[in-house]
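# Survey of secondary and tertiary structure
Chain by chain, the residues:
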Amino acid sequence: MRTWSVGTGLACVLACSAAIGQAAPSPKKAASAKPAPVKTYPQAEVRQGAGVFRQNCSFCHGRDAGGGEGGPDLTASKLVSADVNGEKIGIVIKNGRPERGMPKFDLADEEVASLVAFIHTRQALMHGGEGVKLGGRRGVEVADLQTGNAEAGRAYFNGAGGCAKCHSPTGDLAGVASRLKGLELEKQMLYPQRARAKLTVRTKSGQTLSGRLAYQDEFTVGMVGEDGQYRSWRTQDVEYKIDAPANAHVEQFPKYTDDDVHNLMAFLQTLK
């Protein structure tokens, strides 16, 4: 088994993970599948929905519903695909999904309808109205990433991978496979996008302060403390240390083999 080279990039790992165990659709199944009809919406309604979406939803789901800070890609959402006239999307908007960190929104029916129009239009543009990404490649299903050996992954987690030095299956990773599935779980495993870097600063007067790293360049470092207040210093005026958890994942890239990635993923999928 060849080793996974950091030069191939994260995209290569994800592509390899999707390809392993992926079976081509049978001719019979392909012949019987029919594209779902695509509903078109008035352009004025779609434009209104774009404005409502970007004001209320874009921080989590991205400006064009393709995924963002902590929120999934709505253009690939099975709920959106199954939605008819907003019957499913509307419920989620009105009630939220507290267990997934999504708040409920008090929007007028007209605004909800415009959101539905915008989201469906974005999905149709991205997937050609057939649930398949333009270009002919289907999405990565959860089953595509269930090809490893969970026990071997557990051994790697606790041993050679060094994962247990920072993570715990009963602590920070408890229930991770219920919160993240498929490609989202693998992305988080390989490079945790929401891992917050910690900044510790020691001033010339001897005061030590710690908080979330909020800014860094050649001349300045800044943090948001536990009190929510932003502070910054010139780098020449302080001693500082940055603890970035994601760096350990990046350093692990050249050490992975294909089997390591698949087995570790299989183990994480047991943490429900």
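The present account deals with the structure reproduced in this document. (Residues numbered from 1 in each chain as written. Predicted model: local features only at pLDDT ≥ 70, side-chain atom pairs only at ≥ 80, totals over all residues. Heavy atoms only, no water.)

### Looking at the sheet that holds strand E3 (residues 220-224)
As a reminder, the rule being used: Each pair of strands is called paired provided DSSP finds at least two bridges between the two strands. In DSSP terms, a helix is any run of H or I states spanning at least four residues, a strand is any run of E spanning at least two, and both are numbered starting from the N terminus. To get an axis, a line is fitted to the C-alpha atoms, and for a helix only the part in contact is used. The angle between two axes follows their N-to-C directions and goes from 0 to 180 degrees.
With antiparallel pairing, five strands are arranged side by side in an open sheet as E4-E3-E2-E1-E5. Each edge of the sheet is formed by a strand with only one pairing partner; in this case those strands are strand E4 (230-234) and strand E5 (238-243). For this sheet the average axis-to-axis angle between neighbouring strands, irrespective of direction, equals 40 degrees. Here strand E2 (residues 208-216) runs beside E3; their pairing, made up of four bridges, is antiparallel.

### Focus: the pairing of strand E1 (residues 198-203)
Our working rule: Residue exposure (1.4 Å probe, protein chains only): buried if accessible area is under 20% of the type maximum, exposed if over 50%, otherwise partly exposed.
Where burial is concerned, the two faces of E1 differ: the one with Leu199, Val201 and Thr203 is buried and the one with Lys198, Thr200 and Arg202 is not. Where E1 meets E2, five bridges bridge the pair, whose relative direction is antiparallel. Within E2, the residue paired with Lys198 across the bridge is Arg212. Where E1 folds back on E2, the antiparallel hairpin that results is connected by four residues, among which Gly206 adopts a positive phi of roughly 95 degrees.

### Description of helix H7 (residues 109-127)
Heads up, the condition is: Any helix carries an expected span of 1.5 Å times its number of residues minus one. Any two residues having at least one pair of non-hydrogen atoms within 4.5 Å are treated as being in contact.
Its 19 residues place the ends of H7 27 Å apart at the C-alpha level, agreeing with the 27 Å of an ideal helix rising 1.5 Å per residue. When H7 is considered as a whole, its buried residues turn out to be Val112, Ser114, Leu115, Val116, Ala117, Phe118, Ile119, His120, Arg122, Gln123 and His127. The elements touched by buried residues of H7 are helix H3 (43-56), helix H5 (78-82) and helix H6 (89-95).

### Some remarks on unusual backbone geometry
For Ala65, which is not glycine, the phi dihedral falls at a positive 70 degrees. Backbone geometry places Asn85, a non-glycine residue, at a positive phi of 55 degrees. Along the chain, Asn85 falls in the loop between H5 and H6. Given a relative accessible area of 58%, Asn85 falls into the exposed group.

### Re the environment of Gly51
Structurally, the position occupied by Gly51 is in helix H3. The class of Gly51 is partly exposed, set by a relative accessible area of 40%. Measuring from C-alpha to C-alpha, the distance between Gly51 and Leu115 comes to 8.8 Å, with 64 residues separating the pair along the chain.

### Some words on the nonpolar core
Counted only if it meets this: What is meant by a nonpolar core is a set of buried Ala, Val, Leu, Ile, Met, Phe, Trp, Tyr and Cys residues, joined one to another through side-chain atoms within 4.5 Å.
Counting residues in hydrophobic clusters, the biggest one holds 19 residues, and the most contacted among them are Phe53, Ile89, Ile93, Leu107, Leu115, Phe118 and Ile119. Taken together, the elements giving at least two residues each to this core come down to H3, H6 and H7. Counting residues per element, this core draws most heavily on H7, which supplies six residues. Those residues in contact with Leu115, other than ones at most four positions away along the chain, are Gly49, Val52, Phe53, Cys57, Ile93 and Leu107. Residues Val176, Leu180, Val261 and Leu264 belong to the second largest nonpolar core, which totals 18 residues.

### A closer look at the packing of helix H10 (residues 182-190) against helix H12 (residues 258-268)
We apply this condition: Roughly parallel means an angle under 35 degrees; roughly antiparallel means over 145; roughly perpendicular covers 65 to 115; every other angle is labelled oblique. By convention, the crossing between two helices is left-handed when the near helix turns anticlockwise from the far helix through less than a right angle, and right-handed when the turn is clockwise.
With their axes 11 Å apart at the nearest point, H10 and H12 run at an angle of 115 degrees to one another. By the criterion of interaxial angle, the relationship of H10 to H12 is roughly perpendicular. For the element pair H10 and H12, the recorded crossing hand is right-handed. For the pair formed by H10 and H12, the contact residues are Gly182, Leu185, Glu186 and Met189 on the first element and Val261, Leu264, Met265 and Leu268 on the second.

### Structural notes on helix H8 (residues 150-158)
Threshold: The arc in question is the one spanned by the directions pointing from the helix axis to the C-beta atoms.
All buried positions along H8 are accounted for by Gly153, Tyr156 and Phe157. End-on, the buried residues of H8 take up no more than an arc of 100 degrees, which puts them together on one face. In H8, the exposed positions that point more than 90 degrees away from the buried face belong to Glu151, Ala155 and Asn158. If you follow the buried residues of H8, they end up packed against helix H11 (245-252) and H12.

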